[in-house]
Amino acid sequence: MRTTHPRLVLGLHRSRHERSLLTAAADLGITTIDTSTNYLDFHSHQVLAEVAGDLLPKFTVSTKVGYFPAGSTSEHSLDPGRLHTALEQAARDLGREPDLVFLHNPEHSLADGSRTQRQDRLEAACSVLVDATAAGLCGSWGISSWDPRPLTELARHPLPRPDVLMVRAGLVVGAEILDASETLVSRWQPSALWGMSPFGGSTTEPIWKRFDPRIFMGTGQDCSPGQAAFRAAFHLPEVDAVAAGTSKTAHLEELINSLAREVNFEAITQYRQLLARNDQTG
Ligand SMILES: NC(=O)c1ccc[n+]([C@@H]2O[C@H](COP(=O)([O-])OP(=O)(O)OC[C@H]3O[C@@H](n4cnc5c(N)ncnc54)[C@H](OP(=O)(O)O)[C@@H]3O)[C@@H](O)[C@H]2O)c1
């Protein structure tokens with residue numbers, strides 16, 4: 001039987017929307033792809049359906065709502081009517097109901113108002129996704145947040161519990177975001193936690209030349225710096241799966257191969273302690 005890799009989610013934010021990539025992903029045992037209404041200039045769903053509609057049933061497909069075109073630019077919104085319309089449109093454009101729909105960076109719409117107003121706004125948006133799940137417009141729902149700090153004080157009863165929470169993960173994530181993510185998890189208790197953007201969007205940024213992520217791997221683990229950074233992301237914070245982007249099959253294969261490599265938990269713990277200390281003194 002073919003080995004599958006549910007812990008690696010192929011994220012399509014910066015990835016080619018090409019049949020060859022999706023075919024390779026399915027052949028390599030990738031089971032989940034993550035997209036969003038706004039990816040590929042708001043055309044991701046349609047293009048996926050066009051180039052690989054027959055392949056989509058091979059994957060668990062997650063997407064996001066809450067980001068809308070606005071003239072020549074775009075905007076975030078938690079308006080329940082707009083969210084519901086976006087959910088219906090997503091199912092139409094994909095040619096199937098998505099398995100999972102995230103509320104996309106709700107923190108952008110939670111800067112103003114009293115705490116009660118902000119909590120009400122978030123609750124109303126979550127309720128749209130809860131209702132959509134119950135109505136079969138999507139299989140389950142979640143929250144994806146680039147900066148979870150504004151959410152921590154709001155994530156309390158009576159907010160419904162998301163099935164999946166997605167937060168930033170890895171060596172480019174600062175102490176405050178890591179702490180906020182963990183607080184959110186303890187308060188909201190999602191069924192699953194996903195990490196996103198393990199390379200911070202790029203492996204060619206100067207930061208990746210400044211240190212060797214292999215210090216976070218166990219002794220004798222043969223891997224590249226990219227593989228080590230990806231593996232470390234599963235523990236910064238502790239997540240069930242990581243959404244990574246690539247347009248190259250060879251890179252996808254590298255990421256998959258790294259899943260069997262062992263990390264050095266002591267080094268990860270020391271790194272967290274160092275981050276916390278720097279945060280206090282910084
Ligand atoms: N707020 C949100 O909801 C949110 C925000 C950001 C991201 N996400 C999710 O997380 C996913 C990933 O995030 P991301 O695309 O921002 O960044 P990322 O996964 O941190 O980085 C993607 C970059 O890493 C490179 N890469 C991947 N594997 C590599 C390897 N083995 N060796 C060398 N380079 C490698 C890719 O280049 P190549 O193409 O050359 O391989 C690509 O340019 C997104 O697609 C999305 O699903 C969600």
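Residues numbered from 1 in each chain as written. Predicted model: local features only at pLDDT ≥ 70, side-chain atom pairs only at ≥ 80, totals over all residues. Heavy atoms only, no water.

### Topic: the site of the ligand
The environment of the ligand is made up of 28 residues, and the closest members are D34, N105, F199, T246 and H251. Summarising the interface, the protein chains cover 90% of the accessible area of the ligand, which totals 900 Å² for the free molecule. Where the shell around the ligand is concerned, the elements lending two or more residues are β10 (241–245) and α10 (249–258). Residue composition of the shell around the ligand, grouped by class: 9 nonpolar, 14 polar and 5 charged. (Near = heavy atom within 4 Å. Areas by Shrake-Rupley, 256 points an atom, 1.4 Å probe, with all protein chains shown as cover. Helix = DSSP H or I, 4+ residues; strand = E, 2+ residues; numbered from the N terminus. Nonpolar A, V, L, I, M, F, W, Y, C, P; charged D, E, K, R; others polar.)

### Observations concerning the pattern of salt bridges
Side chains that differ in charge, positive against negative, can pair when their charged atoms come close. Taken as a whole, this structure holds 11 salt bridges when the rule is applied. Between E153 and R118 there is a salt bridge, with its nearest N and O atoms 2.7 Å apart. Separated by 35 residues along the polypeptide, E153 in the loop between α6 (149–152) and β8 (164–168) and R118 in helix α5 (residues 115–134) bring together distant segments of the chain. Here E153 falls in the partly exposed class, since its relative accessible area comes to 29%. Of the residues examined, R118 reaches a relative accessible area of 13% and is grouped as buried. R272 is the partner of D179 in a salt bridge, and the nearest nitrogen-oxygen pair spans 3.1 Å. Here the residue D179 occupies a position in helix α7 (residues 175–188), and R272 occupies one in helix α11 (residues 265–281), the gap between them amounting to 93 residues. Overall, D179 belongs to the partly exposed group, its relative accessible area being 38%. Because the salt bridges share partners, they merge into one network encompassing D147, R149 and E176. (Salt bridge = Lys/Arg side-chain N within 4 Å of Asp/Glu carboxyl O. Buried < 20%, exposed > 50% of the residue type's maximum accessible area, 1.4 Å probe, protein only.)

### Considering the sheet that holds strand β7 (residues 140–145)
With respect to topology, 8 strands assemble into a closed barrel ordered β1-β2-β3-β6-β7-β8-β9-β10, the strand pairing being parallel. Averaged over all adjacent pairs, the angle separating strand axes in this sheet is 25 degrees, with direction ignored. Taken together, the 3 bridges between strand β2 (residues 32–34) and strand β3 (residues 60–65) define a ladder with parallel strand orientation. Looking across to β3, one finds that T32 is bridged to T60. Across the face of the sheet, helix α4 (residues 80–94) comes into contact with β3 and β6 (100–104) while running at roughly 145 degrees to β3. (Pairing = 2+ DSSP bridges. Axes fitted to C-alpha atoms, helices over the stretch in contact; angles between N-to-C directions. Contact = heavy atoms within 4.5 Å.)

### Let's talk about the environment of D120
Structurally, D120 can be placed in helix α5. Taking the C-alpha atoms as reference points, D120 and L159, 39 residues apart in sequence, are found 8.8 Å from one another.

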